Amino acid sequence: MMGRDGAGNDVVEIKVHPRRENNVRSAPPYQNNSVFKKWVPWLVPLFVVSNIAVFIAVMYVNDCPANSGSCAAPSLGRFSFQPLKENPLLGPSSSTLVKMGALDVARVVNKNQSWRLISCIWLHAGVFHVVANMLSLLLIGIRLEQEFGFFRVGLVYIISGFGGSLLSALFIQTGISVGASGALFGLLGGMLSELITNWTIYANKVAALTTLLCIIAINLAVGLLPHVDNYAHIGGFLSGFFLGFVFLIRPQFKWINQKACPPGYIAPPAKSKHKTYQYVLWIVSLIVILIGFTLGMVALLRGVNVNDHCSWCHYLSCVPTSLWSCNSRQVSCQSAQLGNQLNLTCMSNGKSNLYYLSGDDLSKVQQLCAQLCN
């Protein structure tokens, strides 16, 4: 700038501006919270309420005082529980669970009641069972629904529950099965595949993976105890694992950084929204799910017992030790029927009980015998 000093001499003043690189700054790392929409979870709480409501309805139908000689917590009236020797989980009888939709392979195969593969995941054997599962669902499901929304998480939950029931039915073809464990393990499997397929957008990757693997390993290890249907856990986990690659996919880091770049910043260009390996995992997982479910249903409806083709698979659900045995006891009962009254006597423990059956209930004799002997 030109000016004049007190002596009248011309003075040149030079202002130096700090150097800028084309007036562009590098993009800062994106903040996960500002990029992805946070959903308000309502489906998972609805699932919890629905499971509890169904359990209350089952107990109402069970009506222990009217159908059993003695009940636990008789002050609850028709909501009282079956005797603890029959059901230590504080819940209904097995015949009531079958009536309400428990997984019974004989009915699925012989009476075309495939809907039991879905209905059984809404039923629980007792108070302890439903409380444990619902607490797990809240801990796992709320976070997933906040991140991915109700639609995708709901699909993973329902389909994984179906997958768990399907694998359980292929291996355990006697007795009944109920519970949401397969669906819960599906959410765990979805969390693992989601971490793998969205690897580029996570910080502390190794710590998150290690923690999740430990949680999964501990829960699957519990399933190796007797009287726990680990096949449903494994089937649900595998279903959720592959479903996670399909439904829980995120855009790659460069694409996110480019979309979240604030004015005045520039981000490295991204050629595509997803990485190549994400597309590959998406296609492979979808194919595996479709083929697996199709072959599983065909085998189930044909009455195939997978144990006949896999000599070691029984170790996936129970590992025998000196403390317990995994062999299922064969039960037999002596019966005497007069009209609609059926008197059963267990041959192994000598217990006897009187049942009132209708014409449609005659097929439940074997279940009542197993219930009496156990």
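Residues numbered from 1 in each chain as written. Predicted model: local features only at pLDDT ≥ 70, side-chain atom pairs only at ≥ 80, totals over all residues. Heavy atoms only, no water.

Looking up the protein in an unreviewed UniProt entry gives the name RHOMBOID-like protein, with the organism given as Salix viminalis. Database annotation for the protein, UniProt heading Function (unreviewed entry): "Serine protease involved in intramembrane proteolysis." (UniProt positions renumbered as here; feature names shortened; annotations may be inferred.)

(A) Main features of the confidence of the model for the protein. Taken residue by residue, the protein gives an average pLDDT of 82. The fraction at 70 or more is 79%. Scored below 50 in pLDDT, residues 1-5 makes 11 contacts in the model with residues more than four places away or belonging to other chains. Scored below 50 in pLDDT, residues 11-33 makes 30 contacts in the model with residues more than four places away or belonging to other chains. (pLDDT = per-residue confidence, 0-100. Contact = heavy atoms within 4.5 Å.)

(B) Examining the sheet that holds strand β5 (residues 333-338) more closely. Within the open sheet, the 3 strands sit side by side as β5-β6-β7. Their pairing is antiparallel. Since the sheet does not close on itself, it has two edges, and those belong to β5 and β7 (352-356), each with one partner. Taking the axes of each pair of neighbouring strands and ignoring which way they run, one obtains an average angle of 20 degrees across the sheet. Relative to β7, strand β6 (residues 341-346) is paired through 5 bridges, and the arrangement is antiparallel. Opposite Gln 341, over in β7, you have Tyr 356 as the bridge partner. (Pairing = 2+ DSSP bridges. Helix = DSSP H or I, 4+ residues; strand = E, 2+ residues; numbered from the N terminus. Axes fitted to C-alpha atoms, helices over the stretch in contact; angles between N-to-C directions.)

(C) Structural detail: helix α2 (residues 43-62). Between its first and last C-alpha atoms α2 spans 28 Å; for 20 residues at 1.5 Å apiece the expected length is 28 Å, and the two agree. After α2 finishes, the residue Asp 63 shows a positive phi value of roughly 45 degrees. (Expected span 1.5 Å × (residues − 1).)

(D) Structural context of the packing of aromatic side chains. Overall, the coordinates contain 11 aromatic pairs when judged by the stated rule. For the pair Trp 42 and Phe 150, a centre-to-centre distance of 5.0 Å together with 45 degrees between the ring planes defines the contact as tilted. With Trp 42 in the loop between α1 (32-35) and α2 and Phe 150 in helix α8 (residues 150-171), the pair connects residues that are 108 residues apart, well separated along the chain. By relative accessible area, which is 33% here, Phe 150 ends up partly exposed. Here the aromatic rings of Trp 122 and Tyr 157 are separated by 6.2 Å at their centres, their planes lie at 55 degrees, and the arrangement is tilted. (Phe/Tyr/Trp six-rings, centres within 6.5 Å; stacked < 30°, edge-to-face > 60°. Buried < 20%, exposed > 50% of the residue type's maximum accessible area, 1.4 Å probe, protein only.)

(E) Fine view of the environment of Gln 252. In this structure, Gln 252 sits in the loop between α11 (230-247) and α12 (253-259). Looking at Gln 252, the relative accessible area reads 6%, which means it is buried. Measuring from C-alpha to C-alpha, the distance between Gln 252 and Lys 273 comes to 6.2 Å, with 21 residues separating the pair along the chain. The contacts of Gln 252, once residues within four sequence positions are left out, are Thr 200, Ile 201, Ser 272, Lys 273, His 274, Lys 275 and Gln 278.

(F) A look at the UniProt feature "transmembrane region" (unreviewed entry) in the protein. Cross-referencing UniProt, the feature "transmembrane region" (unreviewed entry) maps to residues 39-60, 121-142, 154-172, 178-199, 206-225, 231-249 and 279-301 in the present numbering. End-to-end, the C-alpha atoms of residues 121-142 are 19 Å apart, and along that stretch the chain is 73% helix and 0% strand.

(G) Up close: the side chain of Ser 193. Along the chain, the position of Ser 193 falls in helix α9 (residues 181-197). With relative accessibility at 0%, the residue Ser 193 sits in the buried group. Not counting residues within four places of it along the chain, the set of residues in contact with Ser 193 comprises Gly 240, Phe 241, Gly 244 and Phe 245.

(H) Here's a closer look at a nonpolar patch on the surface. A grouping of Trp 282, Ile 283, Leu 286, Ile 287, Leu 290, Ile 291 and Leu 295 is seen on the molecular surface, where their side chains present a nonpolar patch of about 650 Å² in accessible area. When you line up the elements, Ile 287 lands in helix α13 (residues 276-301). For Ile 287, a relative accessible area of 43% corresponds to the partly exposed category. (Patch = residues over 30% accessible without salt bridge, like charges linked within 9 Å, V, L, I, M, F, W, Y side chains within 5 Å. Areas by Shrake-Rupley, 256 points an atom, 1.4 Å probe, with all protein chains shown as cover. Salt bridge = Lys/Arg side-chain N within 4 Å of Asp/Glu carboxyl O.)

(I) Representation of the state of the cysteines in the model. Under the criterion given, the structure shown has 2 disulfides. Here Cys 64 is linked by a disulfide to Cys 71, with a sulfur-sulfur distance of 2.1 Å. Looking along the S-S bond of the Cys 64-Cys 71 disulfide, the torsion reads about -105 degrees, which is the left-handed sense. One disulfide in the model links Cys 310 with Cys 313; its S-S distance is 1.8 Å. Disulfide Cys 310-Cys 313: the torsion about the S-S bond is 80 degrees, which places it as right-handed. (Disulfide = S-S within 2.5 Å.)

(J) Quick look at unusual backbone geometry. Even without glycine at this site, Leu 90 takes up a positive phi of about 60 degrees. Mapped onto the secondary structure, Leu 90 falls in the loop between α3 (64-67) and α4 (94-100). Of note, Asn 112 is a non-glycine position whose phi angle comes to about 55 degrees, a positive value. As for its placement among the helices and strands, Asn 112 is situated in the loop between α5 (105-110) and α6 (116-119). Using a relative accessible area of 62% as the deciding quantity, one classes Asn 112 as exposed.

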